[in-house]
Amino acid sequence: MSKRITLSLSLLFIVSLILAGCGVPPLEPTPAGPTPIQLGVGYIPNVQFAPFYVAIDKGYFAEENLDVSMEYGFETDFLKLLGTGERQFIIASGDQIILGRAQGLPVTYVAEWYTKYPIVVFSPAEKGIVEPQDLIGKKVGIPGLFGANYVGWKALVTAANLPEDKIQLESIGFTQASALQQGLVDAAVEYAANGPVQFKLQNIPTNVMVVDDYMHLPSNGLVTSDDIIANHPELVTGMTRAILRGVQYTLAHPDEAFEISLKFVPEAAQDRKTNRAILEASLPYWTPASPDALGRTDPAIWPATAAFMQQAGLVDKLVDTDGIWTNAFVEKADVGK
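Scope of this entry: the structure provided in the associated data block. Since the model is a prediction, treat every value here as computed from it, not as a measurement.

The subject of this paragraph is the overall build of the protein chain. Helix and strand counts for the protein chain come out as 14 helices and 10 strands. For the protein chain, the C-alpha radius of gyration of 20 Å lies close to 20 Å, the compact-globule estimate for 337 residues. Taken along its principal axes, the extent of the C-alpha atoms in the protein chain is 65 × 45 × 40 Å. Taking all 337 residues of the protein chain together, 53% fall into the buried category. Here the analysis covers contacts within the protein chain between residues at least 6 apart in sequence; of these, 80% occur between residues at least 24 apart.

Here you go:
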């Protein structure tokens, strides 16, 4: 299997275009009021999207004259839709923006949501895997050679200078916790708010290595197209302000944010304990270093990430990161001060 991540147009993506009629609401206020916005967020309805549910529920989007609807799916598909003008805004990680630019997609990262890359390598404490070098000679499970899990794994391997030929990497799908419990692998690559949370709730002693402790990568944030920036900058500012207010309120009032999330994800109420723990585990990854850093991406991590991705074989050539991100709309939104 090729280790190069691509933005190939999958059959599912083609079907989604047909079902959607290849359409997107016009970026103009409707006769009845606000501008309709489809926000592609990836994954499925989940309490991990609490800041967006809060922004809708508290009327932050409405105050910007925006009618935002959440759309769930695949991040790579949404990135393609954004680049071809079929969506206005999406949530995506910085590495995906670099991949998109490598494919010629005119997309730009305009506001940071996650302040730390949320991928970890976790294992039962009995395995004695405490630092990256302990993975040598071990079997490591990963969903596959794609997506944030794979980028995070390559970042850890690169930062720790691990010999990949001495680590057995196993594609196990999204079964990390169960694969570890069954002894199929010694460690697994996973989102911080998923597998490790399951282990904690089961009182399984666990060792966790946070990828961001070894390499800082630009994580999930608000992304739009160069066309939207050029022709509708006020929409970008409004979306940025509303989302950052949602993040800010969620961090300050996590209990209320959880209850608001249940309105949008009612099935989460069937297991309140687990879903509240998932939200709790997510909060540190959304917390800025200081209040005035809310939404601002670090300029230095972009060229460093592009260089790492080329070195790791994730892209064919070094991507120029000038213009791939901007903090201008965060400054205009003026939320964190």
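On to the sheet that holds strand E3 (residues 89-92), then. As summarised here, the arrangement of the 5 strands in space is E2-E1-E3-E10-E4, forming an open sheet in which the pairing is mixed. Looking along the sheet, the strands with just one partner apiece sit at the ends: strand E2 (66-71) and strand E4 (107-112). Strand-to-strand, the axes of this sheet are offset by a mean angle of 30°, without reference to chain direction. In terms of strand pairing, E3 meets strand E10 (residues 221-225) through 4 bridges, oriented antiparallel. Note that in E10 the partner of phenylalanine 89 across the bridge is threonine 224.

Oppositely charged side chains are able to pair whenever their charged atoms sit close together. Across all of its chains, the model carries 12 salt bridges by this definition. The partner of glutamate 280 in a salt bridge is arginine 276, with the nearest N and O atoms 2.8 Å apart. Remark: arginine 276 and glutamate 280 occur in helix H12 (residues 272-286); sequence separation between them is 4 residues, near one turn of the helix. Where salt bridges share partners, they join Asp255, Arg276 and Glu280 into one cluster.

Of all the positions in helix H13 (residues 301-311), only Ile301, Trp302, Thr305, Ala306, Phe308 and Met309 are classed as buried. Buried residues of H13, viewed axially, fall in a sector of 165°; they line one side. Packed against the buried residues of H13 are helix H5 (94-102), E4 and helix H6 (147-160). At the exit of H13 stands glycine 313, carrying a positive phi of roughly 80°.

Our next topic: the layout of surface pockets. Which parts of space are left empty comes out when a probe the size of a water molecule is rolled across the atoms. Space inside the second largest pocket adds up to approximately 320 Å³. Around the second largest pocket, the lining residues are Ala192, Pro196, Val197, Lys200, Leu201, Thr206, Val208, Ala277, Glu280, Ala281 and Tyr285. When contributions to the lining of the second largest pocket are tallied by element, the ones reaching two or more residues are helix H8 (195-201), strand E9 (206-210) and H12. Broken down by class, the residue content of the lining of the second largest pocket amounts to 8 nonpolar, 1 polar and 2 charged.

All right, on to empty space enclosed by the protein then. Within this structure, the stated rule accounts for 1 cavity of 30 Å³ or more. Forming the walls of the largest cavity are Gln48, Tyr114, Pro118, Tyr191, Ala192, Ala193, Ala281, Ser282 and Tyr285. Among the elements that take part in the lining of the largest cavity, H12 stands out by supplying 3 residues, more than any other. Of the residues belonging to the lining of the largest cavity, the class tally is 7 nonpolar, 2 polar and no charged.

Turning our attention to the sheet that holds strand E5 (residues 119-124). Pairing in this open sheet of 5 strands is mixed, and the strands run E7-E6-E8-E5-E9 from one edge to the other. Strands with a single pairing partner mark the edges of an open sheet, and in this sheet they are strand E7 (168-171) and E9. Averaged over all pairs of adjacent strands, the angle between their axes in this sheet comes to 30°, without regard to strand direction. As paired strands, E5 and E9 are joined by 5 bridges and run antiparallel to one another. Within the sheet, the bridge partner assigned to serine 123 lies in E9 and is asparagine 207.

A few words now on unusual backbone geometry. Residue tyrosine 43 is not a glycine yet carries a positive backbone phi of 65°. One can find tyrosine 43 in the loop between strand E1 (35-40) and helix H2 (50-57). Here the phi dihedral of asparagine 203 falls at roughly 60°; this positive angle occurs in a residue that is not glycine. Within the fold, asparagine 203 resides in the loop between H8 and E9. Among the residues examined, asparagine 203 registers a relative accessible area of 67% and is labelled exposed.

Bringing the packing of aromatic side chains into the picture now. For the structure on display, the rule yields 11 aromatic pairs. Measuring from centroid to centroid gives 4.8 Å for phenylalanine 52 and tryptophan 113, while their planes differ by 90°, and the two rings are edge-to-face. With phenylalanine 52 in helix H2 and tryptophan 113 in the loop between E4 and E5, the pair connects residues that are 61 residues apart, well separated along the chain. Here the two residues phenylalanine 52 and tryptophan 113 agree in accessibility, since each one is buried. Both rings, one in tyrosine 53 and one in phenylalanine 264, keep their centres 4.8 Å apart while their planes meet at 10°; by these two values the pair is stacked. Here the residue tyrosine 53 occupies a position in helix H2, and phenylalanine 264 occupies one in helix H11 (residues 254-264), the gap between them amounting to 211 residues. Phenylalanine 264 sits in the partly exposed class, given a relative accessible area of 31%. If you follow lysine 116 out to its NZ or CZ, it ends over the ring of tyrosine 285, 4.7 Å from the centre.

How each quantity is defined
Residues numbered from 1 in each chain as written. Predicted model: local features only at pLDDT ≥ 70, side-chain atom pairs only at ≥ 80, totals over all residues. Heavy atoms only, no water. Helix = DSSP H or I, 4+ residues; strand = E, 2+ residues; numbered from the N terminus. Rg over C-alpha atoms; globule rule 2.2 N^0.38 Å. Buried < 20%, exposed > 50% of the residue type's maximum accessible area, 1.4 Å probe, protein only. Contact = heavy atoms within 4.5 Å. Pairing = 2+ DSSP bridges. Axes fitted to C-alpha atoms, helices over the stretch in contact; angles between N-to-C directions. Salt bridge = Lys/Arg side-chain N within 4 Å of Asp/Glu carboxyl O. Arc of directions from axis to C-beta. 1 Å grid on protein atoms, 1.4 Å probe; cavity = no way out; pocket = protein on both sides within 12 Å on 5 of 7 lines; lining within 4 Å. Points joined across faces, edges and corners; volume = space filled by probe spheres on them. Nonpolar A, V, L, I, M, F, W, Y, C, P; charged D, E, K, R; others polar. Phe/Tyr/Trp six-rings, centres within 6.5 Å; stacked < 30°, edge-to-face > 60°. Lys NZ or Arg CZ within 6 Å of the ring centre and 35° of its normal.

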